[in-house]
Amino acid sequence: MDLFSRTWTALRAAVAGLSDEDFGRPSGCTGWLVRDLVCHLIVDAQDVLITLATPSDREPTRDALTYWHISDTPPTGDDPLDALTVRLAAAYEDPQLLKFQLDDVGSAAGRAALLADPDGRVGTRDEILTVGDFLATYVLEWTLHHLDLTAHLPDAGQPPAEGLARSREMLERIAGSPFPKSFHDVDALLVGTGRRAPTEAEQAELGTPDSTVPLYLG
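No experiment lies behind these values; they were computed from the predicted model shown.

Criteria and thresholds
- Residues numbered from 1 in each chain as written.
- Predicted model: local features only at pLDDT ≥ 70, side-chain atom pairs only at ≥ 80, totals over all residues.
- Heavy atoms only, no water.
- Axes fitted to C-alpha atoms, helices over the stretch in contact; angles between N-to-C directions.
- Helix = DSSP H or I, 4+ residues; strand = E, 2+ residues; numbered from the N terminus.
- Parallel < 35°, antiparallel > 145°, perpendicular 65-115°, else oblique.
- Contact = heavy atoms within 4.5 Å.
- Nonpolar A, V, L, I, M, F, W, Y, C, P; charged D, E, K, R; others polar.
- Expected span 1.5 Å × (residues − 1).
- Buried < 20%, exposed > 50% of the residue type's maximum accessible area, 1.4 Å probe, protein only.
- Arc of directions from axis to C-beta.
- Core = buried A, V, L, I, M, F, W, Y, C linked by side-chain atoms within 4.5 Å.
- Pairing = 2+ DSSP bridges.

Peer 1: Can you walk me through the packing of helix α5 (residues 131–149) against helix α7 (residues 185–192) in this structure?
Peer 2: Packed helices, taken two at a time, are described by their axes: the angle between them and the distance between them. The N-to-C vectors of α5 and α7 enclose an angle of 95°; their axes lie 11 Å apart at closest approach. Relative to α7, the element α5 is oriented roughly perpendicular. Counting all contacts with α5, which are made through L140, T143, L144 and L147, the residues of α7 involved are V186, L189 and L190. Of the residues in the contact of α5 with α7, the class split is six nonpolar, one polar and no charged.

So this is what it looks like as structure tokens:
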């Protein structure tokens, strides 16, 4: 729960520190500008609020690792929901409105998470998870999106080290094998999720090109 809070707080702080011009720059998400990514974060915060308000008495069907849908192909930005996000973000026009809504809804999501029972069960995407596992998925989600946010903004605030380490651990467990120890956590996450191609040296350490990475998480 504490790591969820620190990861989310750091990401919102990074957005708060952006200039208006930064919102028109590319993000690390294919086909999305920074403004589109921030709009997606608002939707993420709404998802947290909705899910925490959807309790269940059923047994969990997923956990923080099996929650993810793994695709063999990278995102193209042409998915209907991705396209909707772009249109919605453009409708805000003023980046300050995006900042305001992320702070407003994001703060509420953060408070709701702190008040939730980690052993409680909630429903989302037709699956049941414990609250703790559900929030753990967002440690990975928001750490990756923090890297997306700063992909072309090197001076923006970076994800907390503990969030990077935990996200790497989760990705390694999803992949079924660890990344080379020489990989920095950031490189492991970027290469492991297909956000950038490995260098020749990194590929040599990863092994054969048909290894389990990259993993396209959805």
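Peer 1: When you look at helix α3 (residues 80–92) in this model, what are you seeing that I'm missing?
Peer 2: Note: α-helices contain 3.6 residues per turn, so residues at a spacing of three or four share the same orientation. The first and last C-alpha atoms of α3 sit 19 Å apart over 13 residues, in line with the 18 Å expected at 1.5 Å per residue. Regarding α3, the residues found buried are T85, A89 and Y92. Down the axis of α3, the buried side of the element spans an arc of 50°, and every buried residue falls inside it. Exposed residues on α3 whose side chains face more than 90 degrees from its buried face are P80, R87 and A91. Just past α3, the residue E93 takes up positive phi, approximately 60°.

Peer 1: I keep staring at the nonpolar core and nothing clicks. Help me out?
Peer 2: Burial of nonpolar side chains together is a common tendency in soluble globular proteins. Grouped together as the largest cluster of nonpolar side chains are 60 residues, with contacts concentrated most on F4, V38, V48, F134, W142 and L149. Within the residue set of this core, elements represented by two or more residues are α1 (2–16), α2 (34–52), α3, α4 (95–115), α5, α6 (161–175) and α7. Looking at this core element by element, the count peaks at eleven residues for α5. Aside from chain neighbours lying at most four places away, what touches V48 is F4, A109, F134, Y138 and W142.

Peer 1: What is the right way to look at the pairing of strand β2 (residues 121–124) in this model?
Peer 2: Regular strands have side chains that alternate between both faces of the sheet. Bridge count between β2 and strand β3 (residues 127–130): four bridges; the pairing is antiparallel. In the sheet register, V122 faces β3, and the bridge partner there is L129. Where β2 folds back on β3, the antiparallel hairpin that results is connected by two residues, among which R125 adopts a positive phi of roughly 50°.

Peer 1: Sorry, what's going on with α6 here?
Peer 2: The terminal C-alpha atoms of α6 lie 21 Å apart, and with 15 residues this matches the ideal 21 Å at 1.5 Å per residue to within 8%. Buried within α6 are the following residues: G163, L164, S167, R168, M170, L171, E172, I174 and A175. In this structure, the buried residues of α6 make contact with α1, β1 (70–71), α5, α7 and β4 (216–217). Positive backbone phi, at 90°, marks G176, one or two positions downstream of α6.

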